[in-house]
Amino acid sequence: MAAAISAAISIPSSNSLSLQTKTSLIISPDRISFKKVYNNGNGGGIRVGSIRAQVTTTEAAPAAAKVEKVSKKQEEGVIVNKFKPKNPYTGRCLLNTKITGDDAPGETWHMVFTTEGEIPYREGQSVGVIPDGIDKNGKPHKLRLYSIASSALGDFGDSKTVSLCVKRLVYTNDQGEIVKGVCSNFLCDLKPGAEVKLTGPVGKEMLMPKDPNATVVMLATGTGIAPFRSFLWKMFFEKHEDYKFTGLAWLFLGVPTSSSLLYKEEFEKMQEKNPENFKLDFAVSREQTNDKGEKMYIQTRMAQYAEQLWELLKKDNTFIYMCGLKGMEKGIDDIMVSLAAKEGIDWVEYKRTLKKAGQWNVEVY
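Quantities reported herein were computed from a predicted structural model and do not represent experimental measurements.

Draft legend 1. Molecular detail of the overall build of the protein. Assigned secondary structure in the protein consists of seven helices and 17 strands. Burial analysis of the protein (365 residues in total) assigns 43% to the buried set. When the accessible surface of the protein is split by element, carbon and sulfur atoms take 52% of a total near 20,400 Å².

If you want it as structure tokens, here you go:
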């Protein structure tokens, strides 16, 4: 149906008199007609003019509806990069304690910093740390990223702290000199009350699944345990009005010695209280072996549950999270390749599908 539009406009005439003009516009699918009526306002005659315009229209093909990807992770409201290197947040060390045994190959420390709620992180995110001092070129040290080891509520449950799990880096270089990692040693040496410059939060790769009934398989080596401690605290140590975990959490933690097992007592307590929802497996490479006498690395331990893990991976609510040393992913791929092949599935392609769906998440270094 055609639509009519009327409007009053002013058009100056050649004798500078203002003419009141009424314009009627009739719109039809293929034609536009303008009819103008001029009145000089002085009782003179009325002139009628008509303008016609032929319009050719071409129907545009309807635009394809944009399919918005719905994330399976808890991404709503996630904040990133609130604090950047040029304007870091200055927190204060509340606690710094060594959590590995004296005979462990290397020291790992658990530390808690104040945030006063100013760094609104989520489980699975990271923060940057800018160590004090300057580098060999006289410039401030660059930041290092660390996975957050506490839930969003923090170790004290008030959402005003953030915790890290840091291994002190000390090694001997090719010249026989002892080299200390700048940031790790800065952090491990911090005393309560000391200030620390923080950036972030950053990252969305390792965010928890939305589905509280999901199966969450967590694979960690060493300090790669950090994000999973945050997951597990939320799942089993805390109560939330909008979240109650009812699925299966399965943690594999690989370390060189039993004195290097991180947060062991916490995890064992969780398992004791939630035996139906939490499975816990350690792989201690220098102390344990499999039936073939091979060292018990994390992939070696996983191989003992290969069929069960493969069945879980075929479900659309199973999520794999991997954090730690880079080499661990290949060992796990080696397990899955043969299992997938038995069912005529290309593991590389299948893993790509899992990644696209947010079900295969890796943060290695």
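Draft legend 2. Broad picture of unusual backbone geometry. Note that the residue after Gly200, namely Pro201, is joined by a cis bond; omega there is 0°. In this structure, Pro201 sits in strand E12 (residues 195–202). You will see that Glu116, though not glycine, has its phi angle at about 55°, which is positive. One non-glycine residue, Ser159, adopts positive backbone phi at about 60°. Within the secondary structure, Ser159 sits in the loop between strand E8 (144–147) and strand E9 (161–167). Overall, the relative accessible area of 33% leaves Ser159 in the partly exposed class.

Draft legend 3. Molecular detail of a nonpolar patch on the surface. Together, Leu94, Leu95 and Phe156 make up an exposed nonpolar region whose accessible area comes to about 250 Å². Along the polypeptide, Leu95 turns up in strand E5 (residues 89–98).

Draft legend 4. Expanded view of the pattern of salt bridges. Considering all chains together, one arrives at 16 salt bridges under this definition. Salt-bridge contacts for Glu268 lead to Lys264; the nearest nitrogen and oxygen are separated by 2.8 Å. Of this pair, Glu268 and Lys264 both sit in helix H3 (residues 264–273), four residues apart, which is roughly one turn of the helix. Glu268 sits in the partly exposed class, given a relative accessible area of 31%. A residue is classified by how much of its surface remains accessible, and Lys264, at 26% relative accessible area, is partly exposed. Measuring nitrogen to oxygen at the nearest pair gives 2.9 Å for the salt bridge that ties Lys314 to Glu343. Taken together, the positions of Lys314 in the loop between helix H5 (306–313) and strand E16 (318–324) and Glu343 in the loop between helix H6 (328–342) and helix H7 (347–356) put the pair 29 residues apart, joining distant regions of the chain. On the accessibility criterion, Lys314 (34% relative accessible area) is partly exposed.

Draft legend 5. Representation of the sheet that holds strand E13 (residues 215–221) in the model. Ordered in space as E15-E14-E13-E16-E17, the five strands form an open sheet in which the pairing is parallel. Where the open sheet ends on each side, the last strands, each with one partner, are strand E15 (278–284) and strand E17 (360–364). Across the sheet, the axes of successive neighbouring strands diverge by a mean angle of 10°, strand direction being ignored. One ladder, built from seven bridges, connects strand E14 (residues 248–255) with E15; its direction is parallel. The partner of Ala249 across the bridge, within E15, is Phe278. Together, E13, E14, E15 and E16 form the strand contacts of helix H2 (residues 226–237), whose direction differs from that of E13 by roughly 145°.

What counts and what doesn't
Residues numbered from 1 in each chain as written. Predicted model: local features only at pLDDT ≥ 70, side-chain atom pairs only at ≥ 80, totals over all residues. Heavy atoms only, no water. Helix = DSSP H or I, 4+ residues; strand = E, 2+ residues; numbered from the N terminus. Buried < 20%, exposed > 50% of the residue type's maximum accessible area, 1.4 Å probe, protein only. Areas by Shrake-Rupley, 256 points an atom, 1.4 Å probe, with all protein chains shown as cover. Patch = residues over 30% accessible without salt bridge, like charges linked within 9 Å, V, L, I, M, F, W, Y side chains within 5 Å. Salt bridge = Lys/Arg side-chain N within 4 Å of Asp/Glu carboxyl O. Pairing = 2+ DSSP bridges. Axes fitted to C-alpha atoms, helices over the stretch in contact; angles between N-to-C directions. Contact = heavy atoms within 4.5 Å.

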